[in-house]
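Chain by chain, the residues run as shown.
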Amino acid sequence: MSTATAEVEVVEKKAEPLFSKKNKKLISNPLDIDNPITVQVLGICSALAVTTQMKPAFVMSIGLMIVAASSNVVISLLRNTIPSRIRIIVQLAIVSLWVILVDQVLKAYVYDVSKQLSVFVGLIITNCIVMGRLEAFAMSNKPWPSFLDGIGNGLGYGIILMMVAFVRELFGGGSIFGFKVFEAMGITYQGNGLLLLPAGACIIVGIIIWIQRSINGYRETH
Amino acid sequence: MRQSNLYIILYAAAITIVCGGALAFASQSLKPLQDANIELERKKNILATVMQLKEGDDVVKLYSSLVKERVIDFQGNIKTGVKASSVIIAEQYKRKPEERLLPIYEFRNQSDTSKIENAVMPVFGYGLWNNIWGFVALKSDLNTVQGVKFEHAGETPGLGARITGDDIQIRYKGKMVFDGDNIRSIVMQKGEGVDYSSDAHKVDGMSGATLTAKGVNNMLKDYFACYENYLKKNQKTLSLNL
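Procedures and definitions
- Residues numbered from 1 in each chain as written.
- Chains lettered and ligands numbered in written order.
- Predicted model: local features only at pLDDT ≥ 70, side-chain atom pairs only at ≥ 80, totals over all residues.
- Helix = DSSP H or I, 4+ residues; strand = E, 2+ residues; numbered from the N terminus.
- Buried ≥ 20, exposed ≤ 12 C-beta atoms within 10 Å, placed from the backbone.
- Contact = placed C-beta atoms within 7 Å.
- Pairing = 2+ DSSP bridges.
- Axes fitted to C-alpha atoms, helices over the stretch in contact; angles between N-to-C directions.
- Parallel < 35°, antiparallel > 145°, perpendicular 65-115°, else oblique.
- Left-handed = near helix turned anticlockwise from the far one by under 90°.
- Nonpolar A, V, L, I, M, F, W, Y, C, P; charged D, E, K, R; others polar.
- Core = buried A, V, L, I, M, F, W, Y, C linked by C-beta atoms within 7 Å.

Colleague: Sorry if this is basic, but what is going on with the overall build of chain A here?
Modeller: Of regular secondary structure, chain A possesses twelve helices and two strands. Listed N to C, the secondary structure of chain A is α-α-α-α-α-α-α-α-α-β-β-α-α-α in terms of helices and strands. Once the C-alpha set of chain A is aligned to its principal axes, its extents read approximately 80 × 40 × 40 Å. For chain A, buried positions account for 35% of its 222 residues. Of the contacts formed within chain A by residues at least 6 apart in sequence, a portion of 76% connects residues at least 24 apart.

Colleague: Can you help me understand the pairing of strand β4 (residues 131–138) of chain B in this one?
Modeller: One face of the sheet, then the other: side chains in a regular strand alternate in exactly this way. All names here are of chain B. Most of β4 is tucked away, with seven of its eight residues classed as buried. As paired elements, strand β3 (residues 116–126) and β4 share eight bridges and run antiparallel to each other. Residue pairing across strands places Tyr126 opposite Asn131, the latter belonging to β4. The turn joining β3 and β4, which pair antiparallel and follow one another in sequence, is formed by four residues. Across seven bridges, β4 lies against strand β5 (residues 145–152) in antiparallel orientation. Bridge assignment links Phe135 to a residue of β5, and that residue is Lys149. The hairpin formed by β4 and β5 contains six residues between the paired strands, and Leu142 there has a positive phi angle of roughly 55°.

Colleague: Teacher, can you tell me more about the packing of helix α4 (residues 54–78) of chain A against helix α9 (residues 143–173) of chain A here?
Modeller: Packed helix pairs are specified by the crossing angle of their axes together with the interaxial distance, meaning the distance between the axes. Residue and element names in this part refer to chain A. Two elements in contact, α4 and α9, have axes separated by 8 Å at closest approach and are oriented at 165°. When the axis of α4 is compared with that of α9, the two are roughly antiparallel. The element α4 and its partner α9 pack so that their crossing is right-handed. In terms of residue class, the contact of α4 with α9 is built from 19 nonpolar, eight polar and two charged.

Colleague: So what exactly am I meant to see when it comes to unusual backbone geometry here?
Modeller: Residue and element names in this part refer to chain B. Of note in the backbone geometry, Leu142 takes a positive phi value of approximately 55° without being a glycine. Inspection of the secondary structure puts Leu142 in the loop between β4 and β5. Look at Ser185: it is not a glycine, yet its phi comes out positive at around 60°. With respect to the helices, strands and loops of the structure, Ser185 is situated in the loop between β7 (182–183) and β8 (187–188). The exposure class of Ser185 is buried, given the 20 C-beta atoms found within 10 Å.

Colleague: Help me out: how do you make sense of the interface of chain A and chain B in this one?
Modeller: Many analyses report the size of an interface as the accessible area lost when the parts associate. Of the residues lining the interface, 14 residues belong to chain A; the matching set on chain B comes to 17 residues. Of the residues forming the side of chain A that touches chain B, the biggest block, ten residues, is contributed by helix α5 (residues 87–109) of chain A. Taken together, the residues that form the side of chain A that touches chain B break down as eleven nonpolar, one polar and two charged.

Colleague: Hey, could you run me through the nonpolar core in this one?
Modeller: Counting residues in hydrophobic clusters, the biggest one holds 44 residues, and the most contacted among them are Met121(B) and Val136(B). Where this core is concerned, the elements lending two or more residues are α1 (5–50), β2 (102–108), β3, β4, β5 and α5 (210–241) of chain B. Among the elements that make up this core, the one with the highest residue count is α5(B) (ten residues). Excluding its chain neighbours within four sequence positions, the residues that come into contact with Val136(B) are Thr49(B), Met121(B), Val123(B), Val145(B), Val148(B) and Leu220(B). Trp98(A), Phe147(A), Ala201(A) and Ile204(A) belong to the second largest nonpolar core, which has 42 residues in total.

Worth remembering: the numbers are spatial, not functional.
Below is the structure:
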């Protein structure tokens with residue numbers, strides 16, 4: 001009896017709580033100090049392409065989060081079996097699998113959105129964030145932390161995407177989630193065309209990075 | 001062991017089979033839903049060439065009450081026993097025009113069903129990079145364009161892909177297919193910003209997308225020729241009715 005309880009205690013001591021401090025950091029770090037877009041400067045291409053409106057940006061964020069989290073889990077489960085010489089191609093196969101699944105589900109349930117996103121969902125396959133997290137994190141960590149890492153990075157990506165899309169849709173097209181804000185307030189608003197162009201997104205991402213760096217006190221080291 | 005060639009080959013094969021199986025399963029089980037979406041999109045596009053659809057309109061109900069689907073041949077005769085929805089335009093496109101099955105979507109007058117109010121023709125062709133397709137609706141004279149709807153698979157965003165935009169499609173409204181007895185089609189011009197409102201067969205071009213415009217022009221010319229006999233036949237009965 002006593003030995004059995006002792007064993008259980010030992011196991012309990014070893015097991016980390018699901019949301020330990022370290023695990024929480026996996027979610028919170030990518031939101032700010034380790035943000036995939038503004039700090040790691042990954043996934044910029046899609047951040048410019050899908051942010052003219054909030055709806056596709058939102059779906060894209062969810063899509064990336066699902067792909068990042070589920071590929072992280074699968075790769076983490078397989079990490080001890082993957083031959084290192086073909087690890088990148090195995091990662092790519094798993095990412096592609098999830099991306100195509102997401103694409104198929106979108107086509108079945110939200111056809112309009114999938115038409116709008118068209119090529120960009122496919123491009124998640126080559127999104128550096130997903131590959132980067134697989135190579136840097138999932139290959140050397142357990143499934144649960146890897147899952148959190150994927151969710152965290154998806155959220156970090158999504159937050160920036162939503163911020164950029166908010167500014168672009170509001171001031172470029174005068175609406176939020178397709179709802180004509182200025183019209184509803186009785187103001188005639190001439191949309192700013194620059195914001196709808198990729199260049200506009202670049203400027204907004206730049207401003208976000210600027211604000212974030214001045215808050216975090218970032219200094220370029222020479 | 002993990003570095004041996006045999007292990008690597010077996011591992012790669014296993015990953016391929018598992019991933020392939022999962023994808024095949026997903027594709028098969030989601031296909032009915034996806035097909036339903038494509039069908040709804042088709043109905044929406046047909047209706048949109050004739051009327052302004054509002055958010056929340058019941059497309060399926062509107063479509064079934066307003067539209068009569070028919071399939072005709074090159075001579076303009078009605079083909080019985082073929083359902084318009086089962087005709088795949090992309091496949092018919094590969095045949096010679098004389099051998100194609102041609103669906104036509106007629107909006108009949110509610111009180112007098114012998115009168116066609118609008119006739120919608122599907123069109124299909126090749127743009128700069130990939131397929132383009134759409135619908136052209138004609139008014140009751142079967143000559144004047146009521147509206148068009150274009151879609152594309154891979155035209156350049158911001159250039160050729162603009163054919164899906166309302167601002168481009170509205171340019172076709174009121175243009176004429178026939179010049180007297182002959183088809184003259186509607187030709188999108190090179191360059192943008194010219195007013196062609198006085199010319200019934202020309203529309204303003206898309207700057208930077210001349211090749212896509214060429215594809216659209218060929219597509220329209222090709223399909224107007226396919227439907228020529230049908231249009232002429234019905235124009236005759238129309239004038240008899242008057």
